Amino acid sequence: MNYEIGTFYVPENRHKANSRPIGVGFARIRAPRPTGAPPVFWLPGGPGFAVLGAFDPSDNAGRGRLKSWSNFGAVGDLVVVEQRGYTSRGEMLEVITEAHPLNEPATIEQAKAGALAKARRALATFPGKDLAGYDIGAYADDVDDLRKALGYGRITLFGGSFGSQWSFAVMKRHPGSVARAVLSGVEPLDNGYDMPSHVYASMQRIAFDADRDPGLKPYLPEGGTMAALRAVHERLAAAPAVVSVADKASGKPVPVTLGVGDFENALVERSADASAWPAFVLSLYHRHYDDWARDTIEEREAGKSAVIGPLVDTSLGVTPARAHRLRTDPAVGVLGEWNFAPYLAAADAWPTADMGDAFRGVVPTDIPVVFVHGDWDTSTPIENTLEVLPYYSHGHAIVVHRGGHDGTFYLLREDAKAKAAVYAFMRTGSMEGLPSSVTLPLPTFAKPAFTANGL
């Protein structure tokens, strides 16, 4: 592989003259032969995801990423860009998060207080850093600076999840520099906070197939997985459960209080693995809480957290119209306000300035964009793509049935022709051969870890 790896330097705060320079890591993988196509700029997700460790020979997990990056050689040069404030060739801005007490259930008020505490801790931990400079606009400008430094005219953007949101920011601020884009796990600029009903709809689609799985059938109540979900929610809303499990080191029982807020959080987190999510819901429905309790004990421990996540998210914020929809969404009664309320409560405590509604809003564009999105995605629901697609006169959506929150080529892993068409689009701009939908095979759904006969 013919590659360069290095650091480019940008002002920490682009709004201030003479701001200190900070380093951001990047890598350029040269195409085996010139193709005449714009280079692909690969933007990772997060925020707070460093990827250049893939070039370390001791990083076994990185080998798969290197292999996928090498495939872009058929398109042209590939440039991998890390994120200011969380880069292996610069600064990794992290703070220690406080442990949560085991004898109290999670609450929204607790989460709001934690978000405020994290902001104050970040400002105290990094007094020499200008954290006001880490807004989404700066990340977009970093990409354009690297484009110019490497001598490219126009580029193709490739990103998933936050990488897609970052790409939207680049297209908004530097539209003349973007030839085209391929985006997955799509997160538009005004959709940083997921609409609860859209997340719930993704869960319903998972449950539709799970309810027809022979292995899960003995565990299902009348009404299926979603009925089980609602029953657990009602039970924990009425009273939290106190569960004791053995400590890993001492073997002594450790009690933990599990409330409806813990369940709402766990529903979304566990749904990232659609094949295991129904078994999780059904286990709790049948009052088998031990595995969940052990996981919750670990999750409540103190840990490290990237600072750039809330800095970016609070700089993006949300338009008043979407904020109203979030607060009044019918699925708030089942999934809660966890995805947005803590961020909104702490927004003023973070120093990044609000980017404004004009920046967040979707505007018509003729930049060609291919959207690839799974309809089982509970992290960035497919409704995100459906909302913005009409604004792209040269847009094309590939809906992946049973696809989760994954990258483009993993979502298209079962369709070689679709993958080839996406590579061809990046190389030539042609949308010929791109499908409108792809269906993945049924997963093997995990069963609860107890026998149905023992209910």
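Please refer to the structure placed before this passage.
From a predicted model like this one, the values you see are computed outputs, not experimental measurements. (Residues numbered from 1 in each chain as written. Predicted model: local features only at pLDDT ≥ 70, side-chain atom pairs only at ≥ 80, totals over all residues. Heavy atoms only, no water.)

A word on the packing of aromatic side chains
Here is step 1: Summed over all chains, the structure comprises 21 aromatic pairs.
Here is step 2: On the basis of an interplanar angle of 10° and a centroid distance of 5.7 Å, the ring pair of Phe158 and Phe409 is categorised as stacked. Taken together, the residues Phe158 in strand S6 (residues 155-160) and Phe409 in helix H16 (residues 408-411) connect sequence positions 251 residues apart.
Here is step 3: Arranged with centres 6.4 Å apart and planes meeting at 40°, the rings of Trp376 and Phe445 form a pair that is tilted. (Phe/Tyr/Trp six-rings, centres within 6.5 Å; stacked < 30°, edge-to-face > 60°. Helix = DSSP H or I, 4+ residues; strand = E, 2+ residues; numbered from the N terminus.)

Quick word on the pairing of strand S12 (residues 395-401)
Here is step 1: Relative to S12, strand S11 (residues 369-374) runs parallel, the two sharing six bridges. Along S12, the bridge assignment pairs Val369 with Gly395.
Here is step 2: In this region the chain leaves S11, passes through helix H15 (residues 383-388) and returns to the parallel neighbour S12; the handedness of that crossover is right-handed.
Here is step 3: Note that S12 and strand S13 (residues 437-439) share three bridges and pair parallel. The residue bridging Val400 from the neighbouring strand is Val438, located in S13. (Pairing = 2+ DSSP bridges. Right-handed = clockwise from strand over helix to strand, strands pointing away.)

Considerations on the sheet that holds S6
Here is step 1: Strand order in this open sheet of nine strands is S1-S2-S4-S3-S6-S7-S11-S12-S13, and the pairing throughout is mixed. The open sheet terminates on both sides in strands that have one partner only, identified here as strand S1 (3-11) and S13. Ignoring which end each strand starts from, the neighbouring axes of this sheet average 20° apart. (Axes fitted to C-alpha atoms, helices over the stretch in contact; angles between N-to-C directions.)

A few points about helix H7 (residues 260-270)
Owing to its 3.6 residues per turn, the α-helix brings residues three or four apart onto one side.
Here is step 1: For H7, the full list of buried residues reads Gly261, Asp262, Phe263, Glu264, Ala266 and Leu267.
Here is step 2: Its buried side turned inward, H7 meets helix H5 (196-210), helix H6 (224-238), strand S9 (253-258), helix H8 (277-285), helix H9 (290-299) and helix H12 (332-335). (Buried < 20%, exposed > 50% of the residue type's maximum accessible area, 1.4 Å probe, protein only. Contact = heavy atoms within 4.5 Å.)

Points about the environment of Asp354
Here is step 1: With respect to the secondary-structure elements, Asp354 resides in the loop between helix H13 (341-346) and helix H14 (357-360).
Here is step 2: With relative accessibility at 47%, the residue Asp354 sits in the partly exposed group.
Here is step 3: Once the C-alpha coordinates of Asp354 and Gly317 are considered, the two residues, 37 residues apart in sequence, prove to be 6.6 Å apart.
Here is step 4: Ignoring anything within four residues of it in the chain, the contact list for Asp354 reads Thr314, Ser315, Gly317 and Arg360.
Here is step 5: In this structure the side chain of Asp354 is engaged in a polar contact, spanning 2.7 Å, whose partner is the backbone nitrogen of Gly356.
Here is step 6: In terms of polar contacts, Asp354 uses its side chain to reach the side chain of Arg360, at 3.0 Å. (Polar contact = N/O pair within 3.5 Å; in protein donor to acceptor, adjacent residues only side chain to side chain.)

Focus: the packing of H7 against H9
Here is step 1: H9 packs onto H7 with a crossing angle of 95° between their chain directions and a minimal axis gap of 12 Å. When the axes of H7 and H9 are compared, the pair comes out roughly perpendicular. Of the residues in H9, those in contact with Asp262, Phe263, Ala266, Glu269 and Arg270 of H7 are Asp291, Trp292, Asp295, Thr296 and Glu299.
Here is step 2: Within the contact of H7 with H9, the residues separate by chemical class into three nonpolar, one polar and six charged. (Parallel < 35°, antiparallel > 145°, perpendicular 65-115°, else oblique. Nonpolar A, V, L, I, M, F, W, Y, C, P; charged D, E, K, R; others polar.)

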